[in-house]
Amino acid sequence: MLSGTTMMVSLRPFNGVSPYPSKHPLVHRNRQTALRGTIYMSAQTQAVPSRTQRIMESISVSGEVGGAGGAYSYNALKRLDGIWSSICSTQTVQQAPQQVVSSFPGVSSRSVLAEKQVDKCDVVVCGGTLGIFIATALIAKGLKVCIVERNILKGREQEWNISRKELMELVEAGILDEDDIEEVTAVSFNPNRCGFENKGEIWVEDILNLGVSPVKLIEIVKKRFVSFGGVIFEGCSVSSINIYDDAAILQLAEGNILSSRLIIDAMGNFSPVVKQIRGGRKPDGVCLVVGSCARGFKENSTSDVIYSSSSVKKVGNAEVQYFWEAFPAGSGPLDRTTYMFTYVNPQPTSPKLEELLEDYWDLMPKYQGVSMDSLEILRVIYGIFPTYRDSPLPAAFNRVLQFGDASGIQSPVSFGGFGSLTRHLGRLSNGQGNMYF
Ligand SMILES: Cc1cc2nc3c(=O)[nH]c(=O)nc-3n(C[C@H](O)[C@H](O)[C@H](O)COP(=O)(O)OP(=O)(O)OC[C@H]3O[C@@H](n4cnc5c(N)ncnc54)[C@H](O)[C@@H]3O)c2cc1C
């Protein structure tokens, strides 16, 4: 190993074999960025870094955001693996969760907080990634809505794959115009495969066949929310929520106090309110996902909605079955996202995300018919989706509802998803809006 040196790896010509049919694939991209021709890798002497560490530390990471799948650095991977390890510990109930929500009899004017500076709202949405969509749908109905977001409210660089029908739900809910749909759609492609190796495959049209830019989408919706008079407390964390007969009083870690008739918890799978409701209980199952967006795929016109190329396989002391997804990406004609995921019961022997990534670097080139040397890795992506049998999560407190990943309302296959949220948006915004009229 060389100390403190930089290796330059040139890209070699692509030499892969496509597993896809040649039936008139259609790809349409909205934008392209210039090709970067080299990968720079730092090599260190201290410990032997894993292949994952070397790859991840060779990519310059910028624009990490708060939502799921919005962090791309090696440090963030290690942090998430730390959280995952604690979920996998032997205890069924992990560390007792912090009490964020408390209920009090009587009206809110009795609260000591009521004497302090209070902003009054109809609805406070906690967590802005998907929260901005319900916040905008409700403000469009004439309600006074605020958002509290721990980070800057910004979408991730990595595209969300979704079907047009699901995206159109945002137009129907009055959140987007049809022109905005074109603006945020970075790429569209057909056909899309569902297959199991040696068991056959079917090709479908218009399923998860759009790559939407969360950066652009959230920017547009955020502007609309603010133009309707919405207030966003960015860089502010929910600290406590006190429920009274007439209102909920929410205190932010930064000191602000908000009074609201309804609190919408859109703080994702790791929402402190959800932790409290679930009593710190271990999830019944977890979907682990790793992947990358990489440049250098010459065969890049169709997608895999789901594909399994392997039977059960041993990783460390655990047995897993891998599934794949692959989508053309909007950043360039040779750019492709591939995800490898698996479903596990959380236990001490469960594989870490980094272990899965080590497998991914071996298996992805075989799956896609490319060589690693021909690829430039643009971004490494990873996430964990916990799930519970008792889902969707019923409301546990007056005046507090869960939304997005926090609600457990997602697809039982993906356990998460912007797409699955849009399918419920009309119903939820109508239901919540009608409570006030
Ligand atoms: C690798 C990966 C790939 C994915 N690909 C797709 C895809 O192709 N298509 C798709 O539809 N979905 C996809 N998803 C799922 C999608 O990203 C999630 O469903 C979506 O981000 C959920 O949004 P959310 O707002 O409910 O939760 P989160 O994304 O977890 O966001 C929670 C928000 O709450 C904020 N927050 C947390 N705690 C606090 C606090 N105490 N106070 C204030 N704010 C707080 C966070 O900063 C964050 O903004 C993917 C997920 C991953 C991990």
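Cut-offs and rules
Residues numbered from 1 in each chain as written. Predicted model: local features only at pLDDT ≥ 70, side-chain atom pairs only at ≥ 80, totals over all residues. Near = placed C-beta within 6 Å. Helix = DSSP H or I, 4+ residues; strand = E, 2+ residues; numbered from the N terminus. Nonpolar A, V, L, I, M, F, W, Y, C, P; charged D, E, K, R; others polar. Domains from an automatic or database assignment. pLDDT = per-residue confidence, 0-100. Contact = placed C-beta atoms within 7 Å. Buried ≥ 20, exposed ≤ 12 C-beta atoms within 10 Å, placed from the backbone. Expected span 1.5 Å × (residues − 1). Arc of directions from axis to C-beta.

- Within an unreviewed UniProt entry, the label attached to the protein reads FAD dependent oxidoreductase domain-containing protein, and the organism entered is Gossypium barbadense.

1. Overview of the site of the ligand
So, point 1. Near the ligand there are 35 residues, and of these G66, G127, G268, G383 and G404 occur at the shortest range.
So, point 2. Among the secondary structure elements, those contributing two or more residues to the shell around the ligand are strand 6 (145–149), strand 7 (160–162), strand 22 (376–387) and helix 9 (418–434).
So, point 3. In the shell around the ligand, the residues fall into 15 nonpolar, 17 polar and three charged.
So, point 4. Counting the residues that make up the shell around the ligand, at least three belong to each of domain 1 (61–89 + 283–387) and domain 2 (101–191 + 205–280 + 392–434).

2. Looking at the confidence of the model for the protein
So, point 1. Overall, the prediction assigns the protein a mean pLDDT of 87, with 86% of residues at 70 or greater.
So, point 2. Strand 1 (residues 5–10) is the least confidently modelled element of the protein, averaging 30 in pLDDT, while strand 6 averages 98, the highest of any element.
So, point 3. In the model, residues 1–23 has pLDDT below 50 throughout and makes 44 contacts with residues more than four positions away in sequence or in other chains.
So, point 4. Contacts from residues 31–44, a stretch scored under 50 in pLDDT, to residues over four places away or in other chains number 34 contacts.

3. Let's talk about helix 3 (residues 131–139)
So, point 1. Along helix 3, nine of the nine residues are buried, which leaves the element largely enclosed by surrounding structure.
So, point 2. G131, I132, F133, I134, A135, T136, A137, L138 and I139 are the residues of helix 3 that are buried.

4. Some details on helix 2 (residues 74–87)
So, point 1. A rise of 1.5 Å per residue sets the reference length of helix 2, with its 14 residues, at 20 Å; its end C-alpha atoms lie 20 Å apart and thus fit the reference within 8%.
So, point 2. If you check which residues of helix 2 are buried, you get Y74, L77 and W84. Each buried residue of helix 2 lies within a common arc of 70 degrees when the element is viewed along its axis, so the set occupies one face. Among the exposed residues of helix 2, those oriented more than 90 degrees off its buried face are N75, R79, G82 and I83.
So, point 3. Buried residues belonging to helix 2 abut helix 1 (51–57), helix 8 (353–368) and strand 22.

5. Section: the environment of I147
So, point 1. Its location among the elements puts I147 in strand 6.
So, point 2. Residue I147 is classed as buried on the basis of its C-beta count, with 29 C-beta atoms lying within 10 Å.
So, point 3. Each C-alpha atom of the pair I147 and A135 lies 7.3 Å from the other, and the pair is twelve residues apart in sequence.
So, point 4. Among residues more than four places away in sequence, those in contact with I147 are V125, G128, G131, I132, A135, L153, G230, I232 and F233.

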